[in-house]
Amino acid sequence: MTQLPTRDQVPTQETWDLSLLFSDQAEFEAAVESLKQKVEQFHQQYKNQLKDIKMIVQSLIEYEEIERSINHIRMYASLGYEVDKTNSQYEENAVRLGFLLGKLSQGLSFYHSELSAISTELLEQVKSTPEGAPYQYFIDEIIRYKDIRLDPAVEDALSYLSGNLYHSYALYGATKFQDMAFDNFEIDGKVYMNSFNAFEGDYEGHPDFKIRHASWDAFHQSLARYQHTLASNYINRVQTEKKMATLRGFDSVIDYLLFDQKVTRDSYNQIIDTLTNDFAPVMQRYATLLAKEHGLEKVSLADIKMPFTKGESSHITIEQSEQMLLDAFQVMGDEYLAIFRQAFAERWIDYPMNQTKSTGGFCSTSYQGPAYILLNWTGLLSEVLVLAHELGHAGHFVLQYRDQLAITPEPSMYFVEAPSTCNEVIMCQYLLAQDIDDQAKRSLITEFISRTYYHNMVTHLLEADFQRKVYQAVDREDVLNAAVLNQFFKETLENFWQGAVEINPGAELTWMRQPHYHMGLYPYTYSAGLTIGTQMGQRIAKGETEAIKQWLDVLKAGGTLSPLELAQAADVDMSTPEALHQTIAYVDSLLDQVESLA
């Protein structure tokens, strides 16, 4: 029987070092108490006192310092739990974080309300002073939200209840990693232990047909046992968002969520509809080539993530991947490359799989501190693309936080996946330029398509289409339950694949596998980011000096520009479908190379 190691069984050197935030638990707890005092003093000093420019500027300075402290405390309290949910101290920190943030939010909620109550004329005057100018983007957001803010007493109550109102993400994680148990399966006398990590990190893309299909059946049969709990949790989330939208004067929950992203409904629909209609045939072509490569009449969703080529998959060590990344990203210059070196040297990255560790990967960057990257390292060559992706997030936010204040708005979620995708394109182009034979190139291109464009675009596009159906149903006040969610996802799959891929039983439960639905309109932004990143990645990989300079400036800009302005600053026009079609054509050209190298 195979089983993932526990946290204490993985090499410490391959895990991230949270002591870069706080040296130990005692220092963390002292910082929490200090923060509580700062917030209490802030409340006492500034409530009902924001009457002139001098007082407003002074409050902005202190508020920014508080936000820096909150950032570090939030990360330390949550990241330990992400990698080890059996550690009682980590669990206590994560639980107490929810209470802490609720209390802090209550103490600070007056601030936004009182700033919003100040005349726009006075706020503009604050921005025009030398002392207030650094806070101009924060003030712009205060002005932008003026019309949708509620009575201060209501805002105060909502802030106090926010941890409970939006607890669905935490409940999803607890169900997924602490309550769910998956049936094992047996192949040729060998028993395989099944889990979220094992299925998504190994079995789902396993080269052995028997293992793929047996694991699929066992995984989804087990998943089905929890569908009603997770459906209830998710439906509560979207209904809460709908009520908040109504309270703030929005007719549609979609428009409410897009307001925060500074994105129009037309831009949102354009991405989902264009890719569903025009990118789907390209990925159907990929599925057809995959079936032909493996001598199958048709691939199913249980096969779609298998290696394209039938030879032994290429493997890579952690050390080799790090050196490869340093070589590939020399093109970006010393300032950018130094972030990578620091990430490797200071242990910002958590590589190994272990029991109860969160699945997938992410990057969480502290303000002017480490950018922590969670991976589930399998040793496959494709992992270097994953690491390049997460380091793209790290580079983005490290550069932004160097140039921007802690309270400067972050870039819209619409843009967030662009830097990570750009890095994947650069990395792939670098690997293809090495002295490798045609078969290796073919394997690499198909790994790139599978990893970057199937996983990060198709998977999340399907999520986005499903999510849009759910929010439209909420707007119509339709009855939602697990059966309706399953039907929505099945319709999405059938519409995208158009018979080119067999839809296995259990595929309709795929909505249960991602936490993205508990993060607002997140899934569609992958497609936006991939489109921008693909355009820039191709230019940078060619060594275009102007493109590199443009991109570094865009990364540093953060939320000082809207997402479409950020794209435009990199010479990518997202106001029309043209950039989407260029990205579709790029993936289609990769498939041309796959066929020509056969």
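Residues numbered from 1 in each chain as written. Predicted model: local features only at pLDDT ≥ 70, side-chain atom pairs only at ≥ 80, totals over all residues. Heavy atoms only, no water.

On to the packing of helix H10 (residues 227-247) against helix H11 (residues 253-261). Geometry of a packed helix pair, given as the angle between the helix axes and the separation of the axes. One way to put it is that H10 packs onto H11 with a least axis distance of 8 Å and a crossing angle of 80°. Here H10 lies roughly perpendicular to H11, going by the angle between them. Here Glu241, Lys242, Met244 and Ala245 of H10 lie close against H11, whose contacting residues are Val253, Tyr256 and Leu257. Tallied by class, residues from the contact of H10 with H11 come to five nonpolar, no polar and two charged. (Axes fitted to C-alpha atoms, helices over the stretch in contact; angles between N-to-C directions. Helix = DSSP H or I, 4+ residues; strand = E, 2+ residues; numbered from the N terminus. Parallel < 35°, antiparallel > 145°, perpendicular 65-115°, else oblique. Contact = heavy atoms within 4.5 Å. Nonpolar A, V, L, I, M, F, W, Y, C, P; charged D, E, K, R; others polar.)

Another point: helix H13 (residues 318-328). Within the sequence span of H13, burial applies to Ile318, Ser321, Glu322, Leu325, Leu326 and Ala328. One side of H13 holds all its buried residues, which, seen down the axis, span an arc of 165°. Structurally, H13 contributes buried residues whose contacts are with helix H14 (334-345), helix H15 (383-403) and helix H17 (418-432). (Buried < 20%, exposed > 50% of the residue type's maximum accessible area, 1.4 Å probe, protein only. Arc of directions from axis to C-beta.)

Turning our attention to empty space enclosed by the protein. For the coordinates displayed, the defined rule picks out one cavity of 30 Å³ or more. The computed volume of the largest cavity comes to approximately 30 Å³. Looking at the largest cavity, the residues that line it are Tyr172, Leu230, Tyr234, Trp511, Gln514, Tyr517 and His518. Of the residues belonging to the lining of the largest cavity, the class tally is five nonpolar, two polar and no charged. (1 Å grid on protein atoms, 1.4 Å probe; cavity = no way out; pocket = protein on both sides within 12 Å on 5 of 7 lines; lining within 4 Å. Points joined across faces, edges and corners; volume = space filled by probe spheres on them.)

A few words on the pairing of strand S4 (residues 362-365). On any regular strand, side chains alternate: one points to one face of the sheet, the next to the other face. Alternating positions in S4 separate cleanly, Cys363 and Thr365 being buried on one face and Phe362 and Ser364 remaining unburied on the opposite face. When S4 meets strand S5 (residues 371-374), the two strands line up antiparallel, connected through four bridges. Residue pairing across strands places Cys363 opposite Ile373, the latter belonging to S5. Joining the antiparallel neighbours S4 and S5 is a turn of five residues, in which Gln368 adopts a positive phi near 50°. (Pairing = 2+ DSSP bridges.)

Before going further, it helps to spend a moment on the domain arrangement of the protein chain. By domain assignment, the protein chain separates into domain 1 (7-161) and domain 2 (174-179 + 194-273 + 312-346 + 380-492 + 504-597). Using C-alpha coordinates to define each centre, domain 1 is positioned 28 Å away from domain 2. Summed over both partners, the interface of domain 1 with domain 2 buries about 1,900 Å², with 65% contributed by carbon and sulfur atoms. Interface area lost by domain 1 to domain 2 is led by Tyr137, Arg144 and Ile148, which between them contribute 30%. If you look at where domain 1 meets domain 2, you find two salt bridges. Salt-bridge contacts for Lys262 lead to Glu141; the nearest nitrogen and oxygen are separated by 3.2 Å. (Domains from an automatic or database assignment. Buried area = accessible area lost by both parts, 1.4 Å probe. Salt bridge = Lys/Arg side-chain N within 4 Å of Asp/Glu carboxyl O.)

For the rest of this paragraph, the subject is the side chain of Glu241. Residue position: Glu241 is located in helix H10. When its relative accessible area of 2% is taken as the criterion, Glu241 is described as buried. Residue contacts for Glu241: discarding those within four places in its chain leaves Tyr166, Val253, Tyr256, Leu257, Tyr471 and Gly520.

In this approach the atoms are scanned with a rolling probe the size of a water molecule, which exposes any empty space left behind. By volume, the second largest pocket is sized at about 520 Å³. Around the second largest pocket sit 22 residues that line it, and Leu4, Asn194, Ser195, Phe196 and Gln355 are the ones nearest its centre. Those elements that place two or more of their residues in the lining of the second largest pocket are helix H7 (168-179) and helix H8 (196-201). Ranked by the residues each element gives to the lining of the second largest pocket, the list is headed by H8, at three residues. Its residues assigned to classes, the lining of the second largest pocket comprises ten nonpolar, nine polar and three charged.

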